[in-house]
Amino acid sequence: MITPEEIRKKADRLYIPFLQSLLQGEPFFPRDFPAGKIPDDYLKLRDAVQQLLKGSKKFVGYGYQVELIQRKTRKFDIQSLPSRITFETETDYLKFLNKEPEVADFKQVVARMRNEIPDLNIWLNQNPQKVINHLGKWENLLPVCLYFQNHPKPQLYIRELPINVHTKFIEQNKGILNELLSAILPDDAINQEENDFEKRFGLRYAEPSVTIRALDQNLQVKYGISTSEMSILISDFERRNLQGYRFIITENQMNFRTLPDLSNSFALWGKGFNVAILKDVEWLRHCQIIYWGDLDAQGFQILSQLRSYFDQTISVMMDRETFDTFQESAVPGKLCKVANLFYLTPEEHDLFADLSKQTIRLEQEKIPKDFVICRLNNLTYR
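The structure displayed is predicted, hence computed values, not measured ones.

(A) Quick look at the side chain of Arg213. Considering the arrangement of structural elements, one finds Arg213 in strand 4 (residues 209-214). Nearest to the buried, unbridged Arg213 among oppositely charged side chains is Asp261, at 5.3 Å. Engagement of the side chain of Arg213 in a polar contact is seen with the backbone oxygen of Phe256, the distance being 2.9 Å. Engagement of the side chain of Arg213 in a polar contact is seen with the backbone oxygen of Arg257, the distance being 3.5 Å.

Quick look at the structure:
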C-alpha cells in the first residue's frame, strides 16, 4: 500500500507538469494516485492504513484525501480500505509540498515577464524550472534583457552598461542571460558563432595581448617594435600585417627574451597553450613560423595545436638529437592523457610518445645558449 512518503515523491514528480499547466492555463486538479497493493499481514495492513490516514487532509488540515470503501478481503473479511488518494485543489497540493511561497513568486515573475518582455513567452513555457531556479534574480534579469532589446550590440564593457543592477550581476549570471538574450534578440543582434558572452552579444571585453620583440634592428625601426619586448592587443596585432617575415615562437618567457639577433625575424612569446589567441591572425599564414617549446608531452601538444592553425609551422630543438644531447638535465614531467597528436611529424610523434610514457621533460631553458644560437643560425629563411 502506498505510504505518505511515496505520495510525496509522486507529488514532487508532478511539480514541473503542474507549473506547465499554470503557464498554459490548463486545469490540473483533482489529481489521483492509486492506493497500491494490500499487505498480506493484518498488522502491516492496519499500520499502513493508519499511517496513510494520519498524513491525510482529514488529520493534518491540508494535502491528500483518502477515500475509504468497505471491501471483503480473502484473508481479513470486511475491511475499510483506501481506494483512491486525491489532491483536490492547488492549495492542498502546494501546502503538502511546502511550495506555496515559491509558486506565488513564480506567478508574479511570469506575469511580469509576459507584460514586460512578451518575446520571452516561448522560452518561459519551455523552462518553468529555470524560472524557479532563478527566483530572487528576475528583478535584475528582466532589466538586463530589456536593455539589450533596446540597445543591441552596445559595444560597452559589462560594468559600463547603464543598467541599475549590481556591477557584478551580469558577470555572475552569464549562463541564464545567454539563454534569455538568445531567445529574444534578433539574429543580427547575436554573433551566432561565438560562445563567449561578451563577443556573442556585442560587448567590449578585456582582450588578450601578444608579447613580441624584433630580432632585427631594421624591423624595429620600420615597425616601431622594440628589440626588448612590447605587448600588443590581439586586435591590433591582427591589423599590423607583418606578412612575409619569420616568427620564432617560444613557450618560455626567458628564452623569448634571450633569443639572438636574426635577420627578418620577430620573436613571439607563446605563453604555453595561449598560442590559441593567434589562430585568427590571417597574415600569419603567409609567414615562416618556428616553434620552440619544452621537450615534454605538453610542449608537443602546443606544437600540434599551433600547427593545426598554421600548417607551415616547423619545430626547432624539439628533436631526439637535442633531447639525447641534454637528457641529463631532464626532470619529472606532467602526466599527459592524450595518446595521439594529429599535427606532428612521425619523428615528433615518436619522441612525444616516449616522453609521455616516461613522464619526463627537458625544459628549453636548460639548453645552452651556444647550442641555441647554432641551431637558429642554421635555420633557412624563406
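From this point, the discussion proceeds with the structure in view.
(B) A look at the pairing of strand 7 (residues 265-269). Burial within strand 7 is extensive, with 5 of its 5 residues counted as buried. Residues Ser265, Ala267 and Trp269 line one face of strand 7 and the alternating positions Phe266 and Leu268 line the opposite face, and both faces are buried. Looking at chain direction, strand 4 and strand 7 are connected through 4 bridges and run antiparallel. Each residue of the ladder has a partner; that of Thr211, found in strand 7, is Trp269. Of the strand pairs in this sheet, strand 6 (residues 246-250) and strand 7 are connected by 5 bridges, and their pairing is parallel. Across the sheet, Arg246 pairs through a bridge with Ser265, a residue of strand 7.

(C) Just the packing of helix 6 (residues 100-116) against helix 9 (residues 138-150), in detail. In the contact formed by helix 6 and helix 9, the axes pass within 11 Å of each other and the chain directions differ by 10°. The angle between helix 6 and helix 9 falls in the class roughly parallel. Residues Val109, Arg112, Met113 and Glu116 of helix 6 form the contact with helix 9, whose participating residues are Trp138, Glu139, Leu142, Pro143 and Leu146.

Procedures and definitions
- Residues numbered from 1 in each chain as written.
- Predicted model: local features only at pLDDT ≥ 70, side-chain atom pairs only at ≥ 80, totals over all residues.
- Heavy atoms only, no water.
- Helix = DSSP H or I, 4+ residues; strand = E, 2+ residues; numbered from the N terminus.
- Buried < 20%, exposed > 50% of the residue type's maximum accessible area, 1.4 Å probe, protein only.
- Lys, Arg positive; Asp, Glu negative; His and termini not counted.
- Salt bridge = Lys/Arg side-chain N within 4 Å of Asp/Glu carboxyl O.
- Polar contact = N/O pair within 3.5 Å; in protein donor to acceptor, adjacent residues only side chain to side chain.
- Pairing = 2+ DSSP bridges.
- Axes fitted to C-alpha atoms, helices over the stretch in contact; angles between N-to-C directions.
- Parallel < 35°, antiparallel > 145°, perpendicular 65-115°, else oblique.
- Contact = heavy atoms within 4.5 Å.

Without other data, these values stay purely geometric and don't point to any function.
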